[in-house]
Protein chains: 2
Amino acid sequence: MAQPPPDLLATRHARVRTALGREGLDALVVLHQPNIRYLTGFAGSTAIVILAPDELVLVTDGRYVTEVETRVAPGCPGLRLVKVDPTYDATLAAFLRGFDVPRVGFESAHLTVKRFEALTAALRDTPSRRAGALIPAERLVEAARIRKDAVELETLRRAGALISAVARKVLGGVRAGQREWEVAADIDDRIRRGGFERPAFDTIVASGPNGALPHARPGERRLEPGDLVVLDFGGVYDGYCVDITRTVSVGTPGVEARRVYDAVAAAQLAAVGAVQPSAAVTDVDEAARAVLEAHGLGSAFSHATGHGLGLEIHEEPRVGPRRADIPGVPPAGRDDRLEPGVVFTVEPGAYLPGFGGVRIEDDVVVTESGVDWLTDVPRELLVV
Amino acid sequence: MAQPPPDLLATRHARVRTALGREGLDALVVLHQPNIRYLTGFAGSTAIVILAPDELVLVTDGRYVTEVETRVAPGCPGLRLVKVDPTYDATLAAFLRGFDVPRVGFESAHLTVKRFEALTAALRDTPSRRAGALIPAERLVEAARIRKDAVELETLRRAGALISAVARKVLGGVRAGQREWEVAADIDDRIRRGGFERPAFDTIVASGPNGALPHARPGERRLEPGDLVVLDFGGVYDGYCVDITRTVSVGTPGVEARRVYDAVAAAQLAAVGAVQPSAAVTDVDEAARAVLEAHGLGSAFSHATGHGLGLEIHEEPRVGPRRADIPGVPPAGRDDRLEPGVVFTVEPGAYLPGFGGVRIEDDVVVTESGVDWLTDVPRELLVV
């Protein structure tokens, strides 16, 4: 758990305060743990942050007080620790009662109705803050997190190299006769021994017809000659997530397997080729989709091309289609433009019920001049 | 993923409908995934259920439609599938607009303010349902889940036997010189190979002074002669969670280590001895706490004695103290009484800064006549 340097944290605070100003807010109650980690370096499971005009208040409980006092607070500009007494929300309410700042926002996507009602009730009798004075706000920290800073990029590059090393070992060990869950257990063990805190999500090993389900769970099925096998896994390294997918062939692939694989591989290259500063995320998706459609696989590509990576395994941007007419794939909600420092997956796939599936996924970062791959594993169809 | 038998699901529905009636509600929008699984057997990651007077509506997306049609719906009385179009909340709003039931509750602890506001806005212009007609509700399904039924108990007993087998192998493999994270990786691998879907939480391996932190994360520290090492881990088996902790001594324990261990072991036995139908959960906690206080370790026991287990790793009941004067340990919120079929952990501990910690944890079930242990691993101090 490396603490981000104070100057980078100060820059993060400044960017979010600027966003607050645009929304007419003076302060923000931050409730989402990845947002709290981004602003402070605090890596515990539970805390509340109030980003105020002149300070940053971190509310946490006895489990984490020593860590905050010795590691987090000394490296986080303007941080003040408030200890929970007796509960988080009571402590937050007590703080807000004495908080002399007019327009306070809160992360409405990260507070439940139950907690909001209790908080509102606790503030109702405060003369200086009438009921309802807390203002719902959205995406203020998330928007700042899209463009990674220097320390984040260094972490993600290192994580990409580590997951690539894991993937090369994993791919070298896949054999006919193994059960899906055994392969998944091997992968998870290699992730843990490969320098990661934990797998970033439930590892997918989908063999033969199971590969037609993009989110298949590893089961009892044994890998058989003639199968395509989709292996999708990731790891968390110093809080940051990376994610990779390869599809292998058990024994010599058939003509159809080869055709589908080559189309997906070409779609991925086309998508990565479309990545550059100021490109729209929807252009990246359309580049992959056009290749698959040209191969008659348009309807077999039933998800978005990629998703942002960082302190969460799925974060902004969503690299999805502009079009609203693709069954099962919601269009990208906004016309996001890529910028240097944006990190995301590029993972087109094709899923054919009864036959199986192919997905190829790498992680990339937008640079000043184009794109860099964070993962580095052979992309040719591996025959095991 | 075994589907619960239809008659048990019908009983679960009836219990929750009775609870709804007590609250003056006619239907409930269920948003919490473990609650949805409990009511339907649906094990996917995303769905919404509306428990109506005469049916149970399951809203889910294309990823899960086949599973629901072939496995879940045939075994779940009154289930009707509604496919997401285009988003979950739009589908829910469309359903509620045509839903001719007056008093509809929703799980306010599982809906964010952002989603609630969007849903309220979508319903505002519906003549039959004015804004605000959705009624916050709490703990209606959770309360039903406290007392496990026959199929749940069978699953939990099997899971307890499996985690005990894992624990015996793990304890036999701990050696001086291993790093904490290496031991944790071994444990996680054995959990996966021992019949579990995944670890139930981040495995804890806390050696020497690190053991003084109840939620320590496994790090680079090597196990040294003279250490006490706390090993806390669990697994998910067919959706149900079990949880076990043992503390071992690296080399011959010192006098203080032996004294603390024996006190915690006696506290655990006292707590389990207090378990019987109609006992208050606070009595179980007090039984453990009294033993530790008699050994001068009262202030070293800085958490509750246990927590319920089931579809979640932490669920009701919270087996905590009645007293409000224990630093860091909130009192149990209600005077819960034990009943046959309630499953929970019993895990007293003692944490001494600079020295280390001891925790011993087993899972138990309340029976008609007393208590059964679900886990079965030697409880004497193991010297490795």
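Values in this document were obtained by computation on a predicted structure and should not be read as measured data.

Parameters at a glance
Residues numbered from 1 in each chain as written. Chains lettered and ligands numbered in written order. Predicted model: local features only at pLDDT ≥ 70, side-chain atom pairs only at ≥ 80, totals over all residues. Helix = DSSP H or I, 4+ residues; strand = E, 2+ residues; numbered from the N terminus. Rg over C-alpha atoms; globule rule 2.2 N^0.38 Å. Buried ≥ 20, exposed ≤ 12 C-beta atoms within 10 Å, placed from the backbone. Contact = placed C-beta atoms within 7 Å. Pairing = 2+ DSSP bridges. Axes fitted to C-alpha atoms, helices over the stretch in contact; angles between N-to-C directions. pLDDT = per-residue confidence, 0-100. Nonpolar A, V, L, I, M, F, W, Y, C, P; charged D, E, K, R; others polar. Least-squares fit on C-alpha atoms with pLDDT ≥ 70 in both. Domains from an automatic or database assignment. Core = buried A, V, L, I, M, F, W, Y, C linked by C-beta atoms within 7 Å. Parallel < 35°, antiparallel > 145°, perpendicular 65-115°, else oblique.

K.L.:
Got a sec to walk through the overall build of chain A? Specific residues and values, please.
P.N.:
Counting its secondary structure elements, chain A contains 10 helices and 18 strands. For chain A, whose C-alpha radius of gyration is 23 Å, the value lies close to the compact-globule estimate of 21 Å for 384 residues. The 384 residues of chain A split such that 48% are buried. Contacts in chain A between residues at least 24 apart in sequence constitute 69% of all its contacts with a sequence separation of at least 6.

K.L.:
Describe the sheet that holds strand E3 (residues 56-60) of chain A, and please don't skip the residues or the numbers.
P.N.:
All names here are of chain A. Strand order across the open sheet formed by 6 strands is E4-E3-E2-E1-E5-E6, with mixed pairing between neighbours. Only two strands of the sheet have a single neighbouring strand rather than two, namely strand E4 (79-83) and strand E6 (134-137). Sheet twist, expressed as the average angle between the axes of neighbouring strands with direction ignored, equals 25°. Where helix H4 (residues 88-97) meets the sheet, its contacts fall on strand E2 (48-51), E3, E4 and strand E5 (104-107), and the angle it forms with E3 comes to roughly 150°.

K.L.:
Run through the confidence of the model for chain A, naming residues and quoting values.
P.N.:
On average, residues of chain A score 94 in pLDDT, and 97% of them reach the 70 mark or higher. Overall fold confidence (pTM) sits at 0.93, and the ipTM for the predicted complex is 0.90.

K.L.:
Describe in detail the interface of chain A and chain B, supporting the description with residues and values.
P.N.:
On the chain B side, the residues contacting the 25 residues of chain A number 25 residues. For the side of chain A that touches chain B, the secondary structure elements donating two or more residues are helix H5 (113-123) and helix H8 (180-193) of chain A. Per-element tally for the side of chain A that touches chain B: the top contributor is H8(A), with 5 residues. Here the residues of the side of chain A that touches chain B are counted per class, giving 8 nonpolar, 7 polar and 10 charged.

K.L.:
Account for the relation of the copies chain A and chain B, naming residues and giving values.
P.N.:
Turning one copy of the chain about an axis and sliding it along that axis gives the other copy, so a rotation and a shift relate them. The transform that puts chain A on chain B rotates by 180° and translates by 0.0 Å along the axis, for an RMSD of 0.0 Å. Both copies are brought into coincidence by an operation consistent with a two-fold rotation axis. By C-alpha distance to the rotation axis, the residue of chain A lying nearest is A:Thr112, at 2.0 Å.

K.L.:
Please provide a residue-by-residue account of the domain arrangement of chain A, values included.
P.N.:
Residue and element names in this part refer to chain A. One can read the domain layout of chain A as domain 1 (6-145) and domain 2 (150-383). Summarising the inter-unit geometry, the C-alpha centres of domain 1 and domain 2 are found 35 Å apart. Listed per partner, the contact involves 7 residues of domain 1 and 7 residues of domain 2. When residues of the side of domain 1 that touches domain 2 are traced back to their parent elements, those giving at least two are helix H2 (33-40) and helix H6 (140-145). Of all the elements, H2 adds the most residues to the side of domain 1 that touches domain 2, at 3 residues.

K.L.:
How would you summarise the sheet that holds strand E5 (residues 104-107) of chain B if you had to cite specific residues and measurements?
P.N.:
Residues and elements named next belong to chain B. As summarised here, the arrangement of the 6 strands in space is E4-E3-E2-E1-E5-E6, forming an open sheet in which the pairing is mixed. The sheet terminates laterally at strand E4 (79-83) and strand E6 (134-137), the two strands that pair on one side only. Neighbour-to-neighbour, the strand axes of the sheet open up by a mean angle of 25°, direction not taken into account. Both strand E2 (residues 48-51) and strand E3 (residues 56-60) contribute to a ladder of 4 bridges, which runs antiparallel. Note that in E3 the partner of Val-49 across the bridge is Leu-58. Strands in contact with helix H2 (residues 33-40) are strand E1 (27-30), E2, E3 and E4; relative to E2, the strand with the most contacts, it is inclined by about 55°. Strands in contact with helix H3 (residues 65-72) are E3 and E4; relative to E4, the strand with the most contacts, it is inclined by about 170°.

K.L.:
How would you explain unusual backbone geometry if you had to name every residue and give the values?
P.N.:
Glycine aside, residues mostly have negative phi angles, and peptide bonds mostly take the trans form. All names here are of chain A. Following Asp-85, the chain continues into Pro-86 via a peptide bond in cis, with omega recorded as -10°. Note on placement: Pro-86 falls in the loop between E4 and H4. With an omega dihedral of 0°, the bond running from Glu-316 to Pro-317 counts as a cis peptide bond. Structurally, Pro-317 is set in strand E12 (residues 315-319).

K.L.:
Mind laying out the nonpolar core, listing which residues take part and the relevant values?
P.N.:
Ranked by size, the top nonpolar core spans 229 residues in total, and within it A:Val49, A:Val229, A:Ala350, B:Val49, B:Val229 and B:Ala350 carry the most contacts. Residues in contact with A:Val49, not counting those within four places in the same chain, are A:Val30, A:Ile36, A:Leu39, A:Thr40, A:Leu56, A:Val57 and A:Leu58.

K.L.:
How would you sum up the pairing of E2(A)? Please name residues and give values.
P.N.:
Consecutive side chains along a regular strand alternate between the two faces of the sheet. Residues and elements named next belong to chain A. The side-chain alternation of E2 yields two buried faces, one formed by Ile-48 and Ile-50 and the other by Val-49 and Leu-51. Relative to E2, strand E1 (residues 27-30) is paired through 3 bridges, and the arrangement is antiparallel. Pairing of Val-29 across the sheet is with Ile-50, part of E2. What sits between the antiparallel neighbours E2 and E3 is a turn of 4 residues.

K.L.:
Explain the packing of H8(A) against helix H8 (residues 180-193) of chain B to me, and be specific about the residues and the numbers.
P.N.:
Axis angle and axis distance: for two packed helices, these are the angle between their axes and the distance between the axes, and together they describe the pair. At their nearest, the axes of H8(A) and H8(B) sit 10 Å apart, and the two run at 170° to each other. In this view, H8(A) runs roughly antiparallel relative to H8(B), as classed from their interaxial angle. On H8(B), the residues that touch A:Ala185, A:Asp188, A:Asp189, A:Arg192 and A:Arg193 of H8(A) are B:Ala185, B:Asp188, B:Asp189, B:Arg192 and B:Arg193. For the contact of H8(A) with H8(B), the per-class residue count stands at 2 nonpolar, no polar and 8 charged.

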